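Residues per chain are reported as follows:
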Amino acid sequence: MPAADPRDRPIAVFDSGVGGLTVLHELLVSLPQEDYVYLGDSARFPYGERTPEELERFGMDIADELIARRAKLLVVACNSMTSAALPALQRRMLETTLGIDVIGVVRPEAAQAVAVTRSGRIGLLATRATVASGAYERAVAAVDPHVDLLAVACPDLAPLVQDPPGGDLFTRELEDVVRGYCAPLVEAGVDTVILGCTHYPLVRPMIQRMLGRHATIVTSGAALARQVEHVLGSRDLASGRAGEGTYSFLCTGDAGAFRALGTRFLQMPLTEVEHVDLAPSPNAEVPAWPRP
Ligand code: DGL
């Protein structure tokens with residue numbers, strides 16, 4: 001039975017796979033009284049190699065599914081999707097759902113990084129799609145146009161974290177890959193580094209070691225959780241519950257694989273994972289993008 005009081009509806013969180021569980025983790029800690037539904041679009045992973053048109057279309061498919069499940073707020077826990085499609089998703093939700101809010105991960109992180117940097121030189125590690133979008137440059141410049149951003153695309157990192165060869169994540173090979181991506185940032189002497197992909201917090205200690213102790217790492221989770229709290233407060237949508245809420249999982253790929261990987265990202269027990277096939281959204285005006 002769908003909840004009659006909109007405050008009792010779940011917050012929906014989504015990503016290309018399990019990476020967004022690092023954001024859900026933060027939400028479960030910061031706003032434990034809320035209910036959550038998480039969707040991992042693992043059948044179409046990695047988003048980091050997708051075009052903006054594809055990402056916009058995928059975002060609409062997912063939004064339709066989550067709205068049908070009575071979500072009161074959509075959280076895009078994927079930097080690639082946020083960078084490419086957040087304004088379009090916000091526009092469409094405003095037009096088609098009587099104003100369900102959609103919030104994403106880029107802006108809160110950019111604001112936090114600008115607040116933290118002393119040298120005015122920030123580094124960014126992110127997927128190819130996120131770097132190509134220029135979304136972080138714009139978000140940083142909107143807060144302070146005198147802060148420089150050095151962006152490094154890390155095409156191999158999210159796939160290695162999501163699906164480590166042989167199942168073993170923390171290998172020398174991974175260390176070499178991470179060192180390679182960090183090298184330009186170390187050379188440029190940035191003092192603050194944004195982890196611009198929700199998969200990367202899993203290898204944060206390794207990244208910190210490569211960057212050095214002096215570098216401050218900024219991730220999406222905590223800043224985004226604060227923004228969720230503000231949205232719920234301003235819309236009078238915060239749950240009035242005193243105890244803990246529930247959380248559940250949907251994925252478009254193999255539910256068993258999602259379950260096996262997910263616990264490590266969530267750092268909490270995973271409940272049932274339901275497989276869903278997403279219907280193409282009638283709201284998506286962009287044409288299907290032919291893949292090679
Ligand atoms: N978790 C996605 C992000 O935050 C990246 C992984 C992918 O390429 O799908 O950008």
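These notes cover the structure that comes with them.

Basis of the calculations
Residue positions within a chain follow its written sequence, with the count starting from 1. Only residues with pLDDT of at least 70 are given local features in this predicted model, and only at 80 or more are side-chain atom pairs given and counted; all residues enter the totals for whole chains, interfaces and linings. The side-chain values count all of the structure's non-hydrogen atoms but skip hydrogen atoms and water molecules. The rule for pairing is simple: two strands pair if DSSP sees at least two bridges between them. A run of DSSP states H or I qualifies as a helix once it reaches four residues; a run of E qualifies as a strand once it reaches two. Both are numbered from the N-terminal end. Axes here refer to lines fitted to C-alpha atoms; in helices the fit is confined to the stretch in contact. Angles between the N-to-C directions go from 0 to 180 degrees. By the convention used here, residues are in contact when the closest approach between their heavy atoms is within 4.5 Å. Stacked, tilted and edge-to-face are the three classes applied to pairs of Phe, Tyr and Trp rings, where Trp contributes its six-membered ring and a pair requires centres within 6.5 Å; stacked means planes under 30 degrees apart, edge-to-face means over 60, and tilted covers the rest. For every residue, the accessible area (1.4 Å probe, protein chains only) is compared with the maximum for its type, and the residue is labelled buried under 20%, exposed over 50%, or partly exposed between those bounds. A single heavy atom is enough: if one lies within 4 Å of a molecule or strand, its residue is considered near that molecule or strand. A 3.5 Å cut-off defines polar contacts: any pair of N or O atoms within that distance qualifies, except that in protein one atom must be a possible hydrogen donor and the other a possible acceptor, and neighbouring residues in sequence count only when both atoms are side-chain atoms. Reported accessibility uses the Shrake-Rupley method at a 1.4 Å probe radius. Residues are deemed covered only where the shown protein chains occlude them. Think of it as three bins: nonpolar holds Ala, Val, Leu, Ile, Met, Phe, Trp, Tyr, Cys and Pro, charged holds Asp, Glu, Lys and Arg, and polar takes everything else, Gly as well.

Examining the sheet that holds strand S8 (residues 216–218)
Turning to step 1, where the next piece is worked out: Read from one edge to the other, the open sheet built from four strands follows the order S6-S5-S7-S8, with strand pairing classed as parallel. Looking at the sheet topology across the chains shown, the edges are occupied by strand S6 (148–153) and S8. Across the sheet, the mean angle from the axis of one strand to that of its neighbour is 25 degrees, orientation sign disregarded.
Turning to step 2, where the next piece is worked out: The sheet strands contacting helix H8 (residues 172–188) are strand S5 (121–126), S6 and strand S7 (192–196), and the helix crosses S6 at an angle near 160 degrees.
Turning to step 3, where the next piece is worked out: The sheet strands contacting helix H9 (residues 204–211) are S5, S7 and S8, and the helix crosses S8 at an angle near 145 degrees.

Observations concerning unusual backbone geometry
Turning to step 1, where the next piece is worked out: The omega torsion of the bond from Phe45 to Pro46 falls at 0 degrees, within 30 degrees of zero and hence cis.
Turning to step 2, where the next piece is worked out: Along the polypeptide, Pro46 turns up in the loop between strand S2 (36–40) and helix H2 (52–68).
Turning to step 3, where the next piece is worked out: Non-glycine residue Asp236 carries a positive phi angle of around 55 degrees.
Turning to step 4, where the next piece is worked out: With respect to the element layout, Asp236 can be found in the loop between helix H10 (221–234) and strand S9 (247–251).

Regarding the packing of aromatic side chains
One pair of aromatic rings is described through two measures. These are the centre distance and the angle between the planes.
Turning to step 1, where the next piece is worked out: Applying the stated criterion across every chain, the model contains five aromatic pairs.
Turning to step 2, where the next piece is worked out: Taking 5.8 Å as the distance between ring centres and 40 degrees as the angle between the ring planes, the aromatic pair formed by Tyr47 and Phe58 counts as tilted. One end of the pair, Tyr47, is in the loop between S2 and H2; the other, Phe58, is in helix H2, with eleven residues separating them in the sequence.
Turning to step 3, where the next piece is worked out: Exposure remark for Tyr47: the relative accessible area of 1% places this residue in the buried category.
Turning to step 4, where the next piece is worked out: Given the relative accessible area of 3%, Phe58 is considered buried.

Comments concerning the site of the ligand
Turning to step 1, where the next piece is worked out: Around the ligand, 14 residues are found, and the nearest of them are Ser16, Tyr47, Gly48, Asn79 and Ser80.
Turning to step 2, where the next piece is worked out: At 2.8 Å from an oxygen atom of the ligand is found a main-chain nitrogen or oxygen belonging to Gly48.
Turning to step 3, where the next piece is worked out: Contact between the ligand and His199: a nitrogen atom at 3.0 Å from a side-chain N or O atom of the residue.
Turning to step 4, where the next piece is worked out: Surface burial for the ligand is 99%, taken as the share of its 300 Å² of free accessible area covered by protein chains.
Turning to step 5, where the next piece is worked out: Residues that form the shell around the ligand fall into these classes: six nonpolar, seven polar and one charged.

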